[in-house]
Amino acid sequence: MTNNKTTFDEALDAALDGVEFELKPVLITESVLNKTKKEGSTSPIELCRTDSDSGSKSSIQEEQPIHTLNTGALDSALSKVPEYSTNSEFLNTLFNLKRCPRCNAPLVETLSISGSPSTDWMECSNKVCNTFVDMYHPMSHQASVHRDAHRIIGNFGSYGTGKTKTSEKEIEKHIFITPNANILLGANITSQYEQTLLRDFEKSFPLAFMENRSQQKGYVDFINGARLMLRPFDDPDKLRSNNYTLVVMLEASEINADAFHQLKTRLRNTAATYQGYDWRKLICESNPDSGWIRTDVLLVSDEIIQHGRFADEDYSKQQDPESIDKSISTHVASTDVNHFLPPDYIEVNSRNKPDWWIRRFLHGSFLFAEGLVYPHALNCVVPTPKDSEGNPLTPKHFPDWRVLVAHDYGLMDEATFVYAAVDRKRNKLIVYKVDHTNNAPLKDLAAMFRDGTKDVSFGQMYTTPIIDPKNNKRDYNKKDLISHYQDYGITFKPGHVNVEARIIRLNDYIESGNIEIWDCCTFLINELKEYKFKPKTLDDKSSDNRPIDKNNHSINALEWIGMELPANPNTLYLTGYDEYGRPMSEESEKMRLKASQSWQLSDTMDSDRTELDSSLAFGIRGGLF
Ligand SMILES: [Zn+2]
């Protein structure tokens, strides 16, 4: 090699020379070693099929010799030609072999399972040679997944990142290196794999390696005893009867979390273990979403590998070091990783799209999963302050706090109490306690409320406790819910009805950093992760922007609390606002003007604030206690 200059043909020759020189037949055990311990199989796999009746066989391993191209040789050959080492055209040519690497006879098309010529594989025209070559050339982010040796892999990405192709090739690789493999491929409903991965697999996988298949029973058997099972994951109980070597979950975010946890325990099949090597694997593939793929895969991952210019979120802040699972890794890719797409693809497809859509479907971000109503709420979660005995602090520790309580009533549904307080010194709303129960009679709910407020002193209430306005209906006794609670000496007032106004108010507080949620409020935190707008397709012109009416019990209550606070989150040190966020006091206009200045003035403002009329909080009947 002279200088840095090498002609394309010279580079190709050099690389192929290296490959051919290093090419050697290896038994499957060594092949497995290469794939699981070293760098994996990003090079084409060349595979030699032995005739089933050719001579004696002493072991499974000897029945299935596999020839691999040595990736080390490829890498070192490429490193010698810097001009071409990152040139995809060169790499494509390199992988676009025309001749058999073993006997140099021309490569020709081979039939796939679907009956048409394989999209990926070629075979040697010399029938005695009996060599098959996989022409698949992974993009670098796909190669990264193929090389990943973790037991459980989250493979997440936005549109066009080739996730499904990666999973398909993982299945192919697994079949070839695992005699008697038991592979499970599934999605929530059958069409999610039949129309995607399975169809591509059938068009790629060489027919010569298939033994038989049963459409009805949903499996494909291969000549080395490997079986690919196809199942919908709608019922986790169905998954209990089998042990697998490889599980692939497509569109995983739509699959029940129970199925994921069930399947983790079903990776017991020892066909994918050999002499200390273990290549059992579970792959979850999905668009970014807010459910279990985020909490049970992404955020507990030992490694999070991001691919692409737009995949640059820092997820480490959301990870709890104590819950990291060494067996899990996650790959997140943004659409720009696909160099086959036009350079302006993201720009063109971002036009007139909602921010969350761009983030989720083009940037691959988990922080803006589809239509989350409060996408940044988790940034507000802080560790719960505790006393010397480890109990969470209460309003009795904060005499300056002004407490707000809201109650979402439900009989069959969750009944929820949210407790928050205005910390005027820090100009923040603190959400410090959330209680919930279901199927509880009103008597028990009243007791729950009394217990929840036992540490709130007289005069510490910011306003009357708030209750669901929808439940303010009269029952057959001609009494509404508020009247029923009054029988227990508890006075509620109805919360604000307008959902959009509530969402804007609470989001203003979240975005401005004027709200803190103690991490003991897990019920609320979990709802905030799941509460979403109705999914909309991109051509949906409807103006219905309301959220889906679930996962919102404690959120509704928090929203009612928000509607009691000033519209400007930086004026929390003032107290007493109406539902439109306007100060209620006589001094309101004067204070509003002061408040519109910097919040640092709060110390001076504090001294001349208007005292609350605490009788509001305890109702005309004389109170709670
Ligand atoms: Zn050949």
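What counts as what
Residues numbered from 1 in each chain as written. Predicted model: local features only at pLDDT ≥ 70, side-chain atom pairs only at ≥ 80, totals over all residues. Helix = DSSP H or I, 4+ residues; strand = E, 2+ residues; numbered from the N terminus. Buried ≥ 20, exposed ≤ 12 C-beta atoms within 10 Å, placed from the backbone. Contact = placed C-beta atoms within 7 Å. Axes fitted to C-alpha atoms, helices over the stretch in contact; angles between N-to-C directions. Parallel < 35°, antiparallel > 145°, perpendicular 65-115°, else oblique. Left-handed = near helix turned anticlockwise from the far one by under 90°. Nonpolar A, V, L, I, M, F, W, Y, C, P; charged D, E, K, R; others polar. Pairing = 2+ DSSP bridges.

**Here we look at the overall build of the chain**
Within the chain, the secondary structure is distributed over 22 helices and 24 strands. Residues classed as buried in the chain amount to 41% of the 625 residues present. Contacts in the chain between residues at least 24 apart in sequence constitute 71% of all its contacts with a sequence separation of at least 6.

**Here's the deal with the packing of helix 8 (residues 163-177) against helix 10 (residues 197-204)**
At a minimum axis distance of 10 Å, the contact between helix 8 and helix 10 shows a crossing angle of 55 degrees. In terms of orientation, helix 8 lies oblique with respect to helix 10. Here helix 8 runs over helix 10; the crossing is right-handed. Between helix 8, through T164, K165, S167, E168, I171 and E172, and helix 10, the contact on the second element is made entirely by L197, D200, F201 and S204. Its residues placed into classes, the contact of helix 8 with helix 10 shows 3 nonpolar, 3 polar and 4 charged.

**A word on the sheet that holds strand 7 (residues 152-157)**
The strand order 9-10-11-8-12-15-7-17-16 describes an open sheet built from 9 strands, whose pairing is mixed. Among the strands making up the open sheet, the edge pair consists of strand 9 (210-214) and strand 16 (301-307). Along the sheet, successive strands turn relative to each other by an average axial angle of 15 degrees, direction set aside. Direction of pairing for strand 7 relative to strand 15 (residues 281-286): parallel, over a ladder of 5 bridges. Counterpart to F156 in the pairing with strand 15 is S286. Across the face of the sheet, helix 7 (residues 140-147) comes into contact with strand 7, strand 16 and strand 17 (325-333) while running at roughly 170 degrees to strand 17.

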